[in-house]
Amino acid sequence: MKANPVVGVLALQGDVREHLVALAVADATAREVRRPEELAEVDGLVVPGGESTTISKLATLFGLLEPLRERIAASMPVYGTCAGLILLADKILDPRSGQETLGGIDMIVRRNAFGRQNESFETTVDVTGVEGGPVEGVFIRAPWVESVGAEVEVLAEHGGHIVAVRQNNALATSFHPELTGDHRVHAMFVDMVRTAT
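Residues numbered from 1 in each chain as written. Predicted model: local features only at pLDDT ≥ 70, side-chain atom pairs only at ≥ 80, totals over all residues. Heavy atoms only, no water.

1. Some points on the packing of helix α1 (residues 16-25) against helix α6 (residues 184-196)
The condition is simple: As a rule, the C-alpha atoms of each element are fitted with a line to give its axis, helices using only the stretch in contact, and angles between N-to-C directions run from 0 to 180 degrees. Helix and strand assignments come from DSSP, with helices taken as H or I runs of at least 4 residues and strands as E runs of at least 2, each series counted from the N terminus. By the definition adopted for this analysis, an angle is roughly parallel if under 35 degrees, roughly antiparallel if over 145, roughly perpendicular if from 65 to 115, and oblique otherwise. Definitions for this section: a left-handed crossing has its near helix turned counterclockwise from the far helix by less than a right angle. A right-handed crossing has that turn clockwise. Contact criterion: two residues are considered in contact whenever any of their non-hydrogen atoms come within 4.5 Å of each other. Amino acids are sorted into nonpolar (Ala, Val, Leu, Ile, Met, Phe, Trp, Tyr, Cys and Pro), charged (Asp, Glu, Lys and Arg) and polar (every other residue, Gly among them).
Their axes nearest at 8 Å, the elements α1 and α6 cross at an angle of 65°. Classified by the angle between their axes, α1 and α6 sit roughly perpendicular to one another. Both α1 and α6 take part in a crossing whose hand is right-handed. Here His-19, Ala-22 and Leu-23 of α1 lie close against α6, whose contacting residues are His-186, Phe-189 and Val-190. Residue composition of the contact of α1 with α6, by class: four nonpolar, two polar and no charged.

Below is the structure:
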């Protein structure tokens, strides 16, 4: 078990800096990942929000798509927020043309399920495994999980929809905890990385 695991943030799009800060608060050595050789040096990875189609296309462009799939399939701990949740899904209900996923969680997701940008909201969410009461979650054009396979643990729901899941070393949330200053979800993920290494 590593006291200070190296955790990367996929730095192709999205709020990379906020994730780096949250990981550092959780006692991880946080690094940006843009190239396959940088991916090879991390113990775990955060896939941030942004636009899931754009991230998948940039990952292909940077030669990262297949290395990411291989590391995730080999049980590298990974945490996806918002678009990251979409990318970790095995299936998307309404994929855009040319959209690829990384896979890793046996779930079907719906993109932009909570509405458009102007319907974004912030609310508290009870997340299984996070101590100290509800987590503040920011939902920005957020997806939700339509259904999960038998191996997937549902960690949180909002409005009757699944918004946080875990399968083995893969964690995903529909919301952005990194935007609130509440770093407990990141701390839970860093503990997952410690346990895995």
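2. Examining unusual backbone geometry
Threshold: Burial status follows relative accessibility: with a 1.4 Å probe on protein chains alone, a residue under 20% of its type maximum counts as buried, one over 50% as exposed, and anything between as partly exposed.
Notably, Asp-27 is not glycine yet its phi reads approximately 65°, a positive angle. Positionally, Asp-27 belongs in the loop between α1 and β2 (29-33). Owing to a relative accessible area of 45%, Asp-27 belongs among the partly exposed residues under this scheme. Of note in this structure, Arg-141 is not a glycine but carries a positive phi near 45°. As for its placement among the helices and strands, Arg-141 is situated in the loop between β8 (135-139) and β9 (144-148).

3. Looking at the nonpolar core
As a reminder, the rule being used: What we call a nonpolar core is a set of buried Ala, Val, Leu, Ile, Met, Phe, Trp, Tyr and Cys residues that are connected through their side-chain atoms within 4.5 Å.
Among the nonpolar cores identified, the biggest contains 33 residues, and Leu-39, Leu-68, Ile-105, Met-107, Val-109 and Val-165 are the most heavily contacted of them. If you tally residues by element for this core, the top one is helix α5 (residues 83-88), at five residues. Not counting chain neighbours up to four residues away, the residues in contact with Met-107 comprise Leu-85, Leu-88, Ala-89, Asp-90, Lys-91, Val-145, Ser-147, Val-148, Val-165 and Ala-172. Within the second largest apolar cluster, 31 residues are counted, among which are Val-7, Val-135, Ala-142 and Met-192.

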